[in-house]
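What follows is each chain in one-letter form.
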Amino acid sequence: MANLKYKKRQKYTRKEYLGSPSTLCKGCGHNSISNMIITACYELEIPPEKFVKFSGIGCSSKSAAYFLGRSFGFNGLHGRMPSLAEGALFADTNLIGIGVSGDGDTANIGLSQFKHIIRRNVPLVYIVENNGVYGLTKGQFSATAEKGLKLKRQGKNPYLPVDIAMEAIAANASFVARSFAGDPKQVKELIKAAISHEGTAVIDIISPCVTFNNQDYSLHSYSWGKGHESPLHELEFIPPRDEITIEDFERGMVKEVTMHDGSVIVLKKLEREYDPTNRTEAIRVLEEAIRKNWLITGLLYVDPNTPNFYKMFSMGKKPFNRVPSEKLRPRRASLDKINQSFR
Amino acid sequence: GPGLCLMSEFLGLAYFAEVPVVVWDVQRVGPSTGLPTRTSQGDLAFAHSLSHGDTDFIILLPASVNECFEFGWKALDLAEKYQTPVIVLSDLELGMNDWVSKDFEYPDKKIDRGKVLWEKDIEELISKGVKWGRYLDIDGDGITYRTVPGNLHPESSYFARGTGHDEFAHYSENPEGWRKNLDRLKTKINNAAIDVPGPIQNLTDNCSKGIISYGSSDMAVAEVVELLRDKGKKIDYMRIRALPFNNSVKDFLKNHENIFIIEANRDGQMKNILSAEFPRYAQKLISVAKINGLSLSAEWILGELANHI
């Protein structure tokens with residue numbers, strides 16, 4: 001979650017948002033997403049120390065080392081990225097959490113933690129880098145692989161898939177988006193919007209695995225994505241300090257969603273009318289996309305007003321991890337009272 | 001029991017990435033769902049060997065509700081000082097019953113947050129020309145300095161991971177680096193032996209027979225010691241209160257010829273740990289153990305000891 005208004009405008013170079021060089025395959029979708037995370041954070045001019053990165057286990061989870069090298073990060077356990085995020089962010093609510101996970105990490109083992117962090121609406125950018133396989137262990141089917149998919153040495157996938165965006169909406173998520181690594185501009189704008197969202201912001205990004213699942217017929221491939229992407233709208237994120245010139249957009253062609261910090265997500269209509277604040281419509285569109293194998297991308301659903309985890313516990317801005325020791329321990333009088341109550 | 005199983009993967013990560021955490025296990029009868037409302041001392045072996053690979057854990061063994069209170073704040077201090085998991089093994093005997101006890105005592109030491117660096121600490125190190133690394137042993141005691149997210153100094157961050165890392169927390173598969181790091185972890189935990197609650201000993205002169213016990217079995221064992229001494233039979237008693245073992249544990253094994261390890265589990269878990277750690281004295285150890293969901297009674301223990309004393 002970002003309070004973009006109060007930050008001082010610091011002059012950071014893009015270099016200060018880079019991480020270590022990627023050891024992933026050349027052409028991997030995750031590399032493109034890492035790049036967009038770097039660019040989004042740089043363009044928002046938020047100090048790198050304000051971000052904390054979390055990841056599970058997998059190629060996508062490895063990518064957390066390849067951006068924001070100056071930020072703390074924790075590459076944890078398979079499917080358990082949410083619990084690390086919740087714990088760390090609890091200690092200092094001023095931090096902006098970016099969680100990177102994969103389709104195996106989230107839709108297989110991590111489905112439970114995924115649902116629960118969404119229910120609690122913990123402010124976190126939750127990026128799923130979705131390629132339909134377990135890439136790190138050499139290409140087994142994951143839960144998002146389509147039924148009937150054939151992969152080398154894996155045979156044919158007999159199971160029905162999990163749709164991460166649908167699961168997010170079912171879990172009462174307050175921000176759900178889907179994108180495609182082959183559409184980097186959209187990815188970048190969605191990341192910016194997710195950063196300013198004051199809750200769990202799920203972005204399911206189809207991120208092709210060039211080594212194990214990039215056949216033209218595969219629903220997670222570059223060619224499929226490029227040929228079948230159907231964006232709901234053209235998306236642009238306007239930070240709070242910038243002004244939107246209304247003349248730039250035709251009346252009736254544009255929807256605006258205003259976030260708590262004053263930033264605005266501008267959605268320009270393409271082929272259809274789409275209102276991302278309508279949950280029923282989101283479910284309907286997703287269901288249709290699943291039945292017809294469309295790659296619907298964009299901001300599927302958003303409710304900027306859902307109370308988040310910090311509000312549920314009336315947590316202020318003072319970091320818990322800086323509370324001095326003297327304030328941590330109750331006084332003797334409290335213990336005396338407890339002892340007295342047992343007599 | 002089952003909860004500890006579920007946590008074992010995370011505890012391995014906490015051990016290796018050196019994250020302080022306290023786990024409070026109120027032991028009940030296992031394995032599996034077992035007897036969920038009955039007491040045991042059956043998680044010791046598991047807690048001791050938790051998680052795959054080579055690990056070590058600080059384990060505390062309270063024997064009364066007062067010790068539970070005391071070990072509560074001590075566990076947090078130990079976890080943060082040694083940057084490692086601390087597992088407290090209580091049991092249902094203590095946790096599920098009402099007890100008459102003395103007042104809980106207010107902690108007699110200040111909270112110890114361990115070696116944590118904030119912005120000005122990092123700045124100070126830099127000005128002294130000292131290079132800080134999350135896993136760099138500057139003091140030589142195995143305990144490194146840590147920073148936490150929220151620290152705004154540009155040199156303070158690091159990427160925590162369960163995979164191999166060098167002293168600056170960078171990913172590393174270097175064989176010597178791995179070995180050195182793991183050895184440092186062992187040294188670190190071994191050094192805690194002087195810090196954890198030491199054994200309580202009840203000794204007489206020139207006594208060749210001894211009892212070792214721990215946790216809530218203490219109540220029955222204390223009764224046994226009194227009864228035996230009333231009958232004129234000499235017996236010494238050591239109550240272990242934590243692992244890693246204090247030096248006095250080794251001395252106790254050395255100084256007695258027959259040592260009875262009394263505990264509420266099937267396989268004599270403490271006896272097995274002691275045998276493995278002190279193989280030289282393993283022959284002297286006799287297991288007096290059973291598991292049936294009830295606390296051991298003085299009567300039963302006396303019966304078991306009758307053949308030996």
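Notes on the structure follow.

**Some points on the overall build of chain A**
Step number 1: A tally of helices and strands in chain A yields 12 helices and 15 strands.
Step number 2: For 343 residues, the compact-globule formula gives about 20 Å, and the C-alpha radius of gyration of chain A, at 21 Å, lands near that figure.
Step number 3: Its C-alpha atoms put chain A at 70 × 55 × 40 Å along the principal axes.
Step number 4: Across the 343 residues of chain A, 55% fall into the buried class.
Step number 5: Put simply, of all contacts in chain A between residues at least 6 apart along the chain, 73% involve residues at least 24 apart.
Step number 6: Accessible surface for chain A amounts to roughly 15400 Å². Of this, 54% is attributable to carbon and sulfur atoms.
Step number 7: The positive charge centre, built from 47 side chains, and the negative charge centre, built from 36, are 8 Å apart in chain A.

**Details of the overall build of chain B**
Step number 1: If you tally the helices and strands in chain B, you get 10 helices and 11 strands.
Step number 2: For 309 residues, the compact-globule estimate of 2.2 N^0.38 gives 19 Å, and chain B sits close to it at 21 Å.
Step number 3: Once the C-alpha set of chain B is aligned to its principal axes, its extents read approximately 70 × 40 × 40 Å.
Step number 4: Taken across its 309 residues, chain B has 50% of its residues classed as buried.
Step number 5: Summing over all exposed atoms, chain B offers an accessible surface of approximately 14500 Å²; the carbon and sulfur share of this is 51%.

**Focus on the packing of aromatic side chains**
Step number 1: On inspection of all chains with the given rule, the structure shows 15 aromatic pairs over all chains.
Step number 2: Measuring from ring centre to ring centre gives 6.3 Å for Phe342(A) and Phe104(B), while their planes differ by 85 degrees; the resulting arrangement is edge-to-face. In this pair, Phe342(A) sits in the segment after α12 (332-341) while Phe104(B) sits in the loop between α4 (92-95) and α5 (119-127), so the two residues belong to two different chains.
Step number 3: Three or more aromatic residues link up through ring pairs in this structure, and these residues are Phe90(A), Phe309(A), Tyr310(A), Phe313(A) and Phe320(A).

**Describing the state of the cysteines**
Step number 1: Taken as a whole, this structure holds zero disulfides over all chains when the rule is applied.
Step number 2: No disulfide involves Cys41(A); its sulfur sits 19 Å from the nearest other cysteine sulfur, which is in Cys28(A).

The rules we used
- Residues numbered from 1 in each chain as written.
- Chains lettered and ligands numbered in written order.
- Predicted model: local features only at pLDDT ≥ 70, side-chain atom pairs only at ≥ 80, totals over all residues.
- Heavy atoms only, no water.
- Helix = DSSP H or I, 4+ residues; strand = E, 2+ residues; numbered from the N terminus.
- Rg over C-alpha atoms; globule rule 2.2 N^0.38 Å.
- Buried < 20%, exposed > 50% of the residue type's maximum accessible area, 1.4 Å probe, protein only.
- Contact = heavy atoms within 4.5 Å.
- Areas by Shrake-Rupley, 256 points an atom, 1.4 Å probe, with all protein chains shown as cover.
- Lys, Arg positive; Asp, Glu negative; His and termini not counted.
- Charge placed at Lys NZ, Arg CZ, Asp CG, Glu CD.
- Phe/Tyr/Trp six-rings, centres within 6.5 Å; stacked < 30°, edge-to-face > 60°.
- Disulfide = S-S within 2.5 Å.

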